[in-house]
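Spelled out, the chains give:
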Amino acid sequence: MKISALIICTIGATAVAPSSAFLSLIFTAPLHHLTISPPCQSRLATVNKVNPSLTKYAEAQEDAMLKIHLDIGQVEMKDGKPLITGNRLGIDNLLLQLRGKESASPKHASLPGADGPNPQLSSGPKSLVVVNQGSYVDLAGTQRVNLEDGAWEMIWRSNARAGALICAFNLAEEVKRNDAAIPKGRFFLTFPLWTSESLQDLRDRKAKAEEKATEAIERHASEVRMMQETNNPLMKALHFRNACKAHEDLDYSGYRSYQKMPLERDMIHLEGNLHLCSLGTIWTKKEGWFADHELLGSARAFQDDLAKVTGVADKKISNLHP
C-alpha cells in the first residue's frame, strides 16, 4: 500500500486535521507497507524538529510577570486579527507569574504542545502562578474568576521565525454574562513570540513587500487609465496586458501575508532577547488531538504597570510558597 508523500507532508506541516477516513487508513495500515519519498522524509524531519534554543528561552522567563485583560464575545477574524462583536465579557486584573525553571504540577491543565501529537516541539509544561485572579462585573456586582491547575509552555519549531507562548487553565464553573462566556473546562491563552533578529527580519521583509505592492498598485492604476483614454485597439490591448501584469505582481509581492502578521503591534520585551506580542487569543478545544478549536475572544498582555504590583505579587507568592 502506498500513501501519497505529498498528503503526509501537508498534514505534518499544517494544523489542519485530515479526515477520519484518512486517519483510519494511516493508523491501521502496517508501517512496513508505507512508503515516503526522501524529499518528504527530509521535510518531516524539519517540521518535527524543535528550535535548539527553546529550553534556554523558556528558562529565561523565571519570575516573569504578565498582567492580562480578557475580552470574551462572538469572534470575527479580519485581516488576521480577532474582532469581538455582540455581547462582551471583560475580565480584568489577571496577574500571572511564569516560572521558567520549575516544572508544572502533575495535575496541570493539559497543554496543546506538551500533551499533543508533537511534544518534542514544546518546552514542556512549566509552573504558572496565578498571583491575582481576574474579575468581571455582572448584575450581581463584581465576580472573581477561579482559574485552577495553571501551566504554560513555549512552542517553537526549528527554523521558524516565530514561536508561541501558551498558558492553560481549568475552569471549574462557566463564566458568563449574557451571551458571552468561557465554558467550564480547560481553555488557553496564546501569544506570538519572536527574537529581536527574527522580528526585525520580518519587518524588513514586510517593508519590501509593501514597497513592491505600492508600485504595482500605482502601475495598475496608470495602465487602466491609459487603456480607457486611448482609442487605439492595439494600445488598449497592450495597456490591458500591462495592467494584468501589474495585478499579478501585486499578488506575488506577498504583502497580503505580511498584513496578517502583528509585527507593528506593541511588544513586551522578555528575557532571552524575546518579544511577546501584546495581542493574543483565547480558545478552547475538546479532548483529543484532532478535536475542533473554538475561538472565545482576545487577550491583551501588559507590562508597563507591573512594577506597581510587584510588592503585592511578592507578598501573595510568599504566602503560596512559605
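Residue indices follow the written sequence of each chain, beginning from 1 at its first position. Local features in this predicted model are restricted to residues whose pLDDT is 70 or higher, and side-chain atom pairs enter the listing and the counts only when it is 80 or higher, whereas totals over whole chains, interfaces and linings include all residues. Values reported for side chains reflect all heavy atoms of the structure, with hydrogen atoms and water molecules removed beforehand.

Here we take up the overall build of the chain. A run of H or I in DSSP becomes a helix once it reaches four residues, and a run of E becomes a strand once it reaches two; helices and strands are each numbered from the N terminus. Scanning the chain from terminus to terminus reveals eight helices and 14 strands. Each of the 322 residues in the chain was classed as buried or not, and the buried ones make up 40%. Note on contacts: a residue pair qualifies if any of its non-hydrogen atoms lie within 4.5 Å across the two residues. Taking the intrachain contacts of the chain between residues at least 6 apart in sequence as the baseline, contacts between residues at least 24 apart amount to 69%. To be clear on the numbers: accessible area is Shrake-Rupley with a 1.4 Å probe, and residue cover counts the displayed protein chains and nothing else. Carbon and sulfur atoms form 53% of the exposed surface of the chain, whose accessible area is close to 18,000 Å². With a 1.4 Å probe rolled over the protein chains alone, any residue whose accessible area is under 20% of its type maximum counts as buried; one over 50% counts as exposed, and the rest are partly exposed.

So, on to the side chain of Gln 133. Tracing the backbone through its elements, the reader meets Gln 133 in the loop between strand S3 (126-132) and strand S4 (135-138). For Gln 133, a relative accessible area of 17% puts it in the buried group. Pairing of N or O atoms within 3.5 Å defines a polar contact, subject to two protein rules: one partner must be a possible hydrogen donor and the other a possible acceptor, and residues neighboring in sequence count only if both atoms are side-chain atoms. In terms of polar contacts, Gln 133 uses its side chain to reach the backbone amide nitrogen of Leu 147, at 2.9 Å. The contacts of Gln 133, once residues within four sequence positions are left out, are Asn 93, Leu 94, Arg 144, Val 145, Asn 146 and Leu 147.

Time to look at the packing of helix H5 (residues 196-229) against helix H6 (residues 233-252). Two elements in contact, H5 and H6, have axes separated by 8 Å at closest approach and are oriented at 160 degrees. Classified by the interaxial angle, the pair formed by H5 and H6 is roughly antiparallel. When the axes of H5 and H6 are compared, the crossing they make is left-handed. Taken together, the residues of H6 that come into contact with H5 (itself represented by Ala 213, Ala 216, Ile 217, Arg 219, His 220, Glu 223, Val 224, Met 226, Met 227 and Gln 228) are Lys 236, His 239, Phe 240, Asn 242, Ala 243, Lys 245, Ala 246, His 247, Asp 249 and Leu 250. Split into classes, the residues belonging to the contact of H5 with H6 amount to 10 nonpolar, five polar and five charged. Angles run from 0 to 180 degrees between N-to-C directions of axes, and those axes are lines fitted to C-alpha atoms, restricted for helices to the stretch in contact. When describing relative orientation, an angle under 35 degrees is termed roughly parallel and one over 145 degrees roughly antiparallel, while 65 to 115 degrees is termed roughly perpendicular and anything else oblique. Should the near helix be turned anticlockwise from the far one by less than a right angle, the crossing is termed left-handed; should it be turned clockwise, right-handed. Throughout this entry, Asp, Glu, Lys and Arg are counted as charged residues, while Ala, Val, Leu, Ile, Met, Phe, Trp, Tyr, Cys and Pro are counted as nonpolar. The remaining residues, Gly among them, count as polar.

Another aspect to go through is the pattern of salt bridges. Here, a salt bridge means any side-chain nitrogen of Lys or Arg that lies within 4 Å of a carboxyl oxygen of Asp or Glu. A complete count under the given rule lists nine salt bridges for this structure. The residue Asp 149 makes a salt bridge to Lys 107 at a minimum N-O spacing of 4.0 Å. Of this pair, Asp 149 sits in strand S6 (residues 147-155) while Lys 107 sits in the loop between strand S2 (81-103) and S3, and the two are 42 residues apart along the sequence. Taking relative accessible area as the criterion, Asp 149 reaches 23% and is therefore assigned partly exposed. It is possible to trace a salt-bridge network through shared partners that takes in Glu 215, Arg 219, Lys 245 and Asp 249.

Moving on, we get to the nonpolar core. Buried residues of nine kinds, namely Ala, Val, Leu, Ile, Met, Phe, Trp, Tyr and Cys, make up a nonpolar core once their side-chain atoms join them within 4.5 Å. Ranked by internal contacts, the top residues of the largest apolar core, which has 41 residues, are Ile 68, Leu 70, Met 154, Phe 169, Phe 187, Leu 189 and Leu 276. Not counting chain neighbours up to four residues away, the residues in contact with Phe 169 comprise Leu 96, Ala 109, Leu 128, Val 130, Leu 147, Glu 148, Gly 150, Gly 185, Arg 186, Phe 187 and Leu 189.

A cavity, in this analysis, means grid points on a 1 Å lattice covering only the protein atoms where a 1.4 Å probe fits yet has no way out; a pocket is instead an open set bounded by protein on both sides within 12 Å along at least five of seven lines, and a residue lines either one if it has an atom within 4 Å of a point. Grid points are joined across faces, edges and corners, and a volume is the space filled by probe spheres set on the points. Taken as a whole and judged by the stated rule, the model has one cavity of 30 Å³ or more. Within this model, the largest cavity holds a volume of roughly 40 Å³. Taken together, Leu 70, Ile 91, Leu 94, Gly 134, Val 145, Leu 147, Leu 171, Ile 182 and Phe 187 form the lining of the largest cavity. Residue composition of the lining of the largest cavity, by class: eight nonpolar, one polar and no charged.

It is worth spelling out H6 at this point. Take the residue count of a helix, subtract one, and multiply by 1.5 Å to get its expected span. Given a rise of 1.5 Å per residue, 20 residues ought to cover 28 Å, and the 29 Å separating the end C-alpha atoms of H6 matches this to within 8%. Among the residues of H6, those classed as buried are His 239, Ala 243, Ala 246 and Leu 250. Here the buried residues of H6 occupy an arc of 60 degrees about the axis, which is enough to place them on one side. Facing away from the buried side of H6, by more than 90 degrees, are the exposed residues Pro 233, Leu 234, Arg 241 and Tyr 252. Looking at where H6 begins, the residue whose side-chain oxygen comes 2.8 Å from the main-chain nitrogen of Leu 234 is Asn 232. Backbone geometry just downstream of H6 places Gly 254 in the positive-phi region, at approximately 85 degrees. Directions drawn from the helix axis to the C-beta atoms are what define this arc.

The next thing to look at is the pairing of strand S11 (residues 267-270). Of the two faces of S11, the one holding Ile 268 and Leu 270 is buried and the one holding Met 267 and His 269 is not buried anywhere. Pairing of S11 with strand S12 (residues 274-277) involves four bridges; the strand directions are antiparallel. Bridging from a neighbouring strand, Ile 268 pairs with Leu 276 of S12. The pairing criterion is simple: DSSP has to find at least two bridges between the two strands. Counted between consecutive antiparallel strands, the loop separating S11 from S12 contains three residues, among which Gly 272 sits at a positive phi close to 85 degrees.

By the secondary structure assignment, Lys 245 is in helix H6. Given the relative accessible area of 38%, Lys 245 is considered partly exposed. Separated by 22 residues in the primary sequence, Lys 245 and Glu 223 place their C-alpha atoms 10.0 Å from one another.

The subject of this paragraph is the confidence of the model for the chain. Chain-level statistics for the chain give a pLDDT mean of 79 and a share of 75% at 70 or above. Confidence over residues 1-34 falls short of pLDDT 50; this stretch has 31 contacts with residues more than four positions distant or in other chains. One number per residue, pLDDT, summarises how confident the predictor is, and it ranges from 0 to 100. Across residues 309-322, confidence stays below pLDDT 50; counting only partners more than four residues off in sequence or on other chains, it has 13 contacts.

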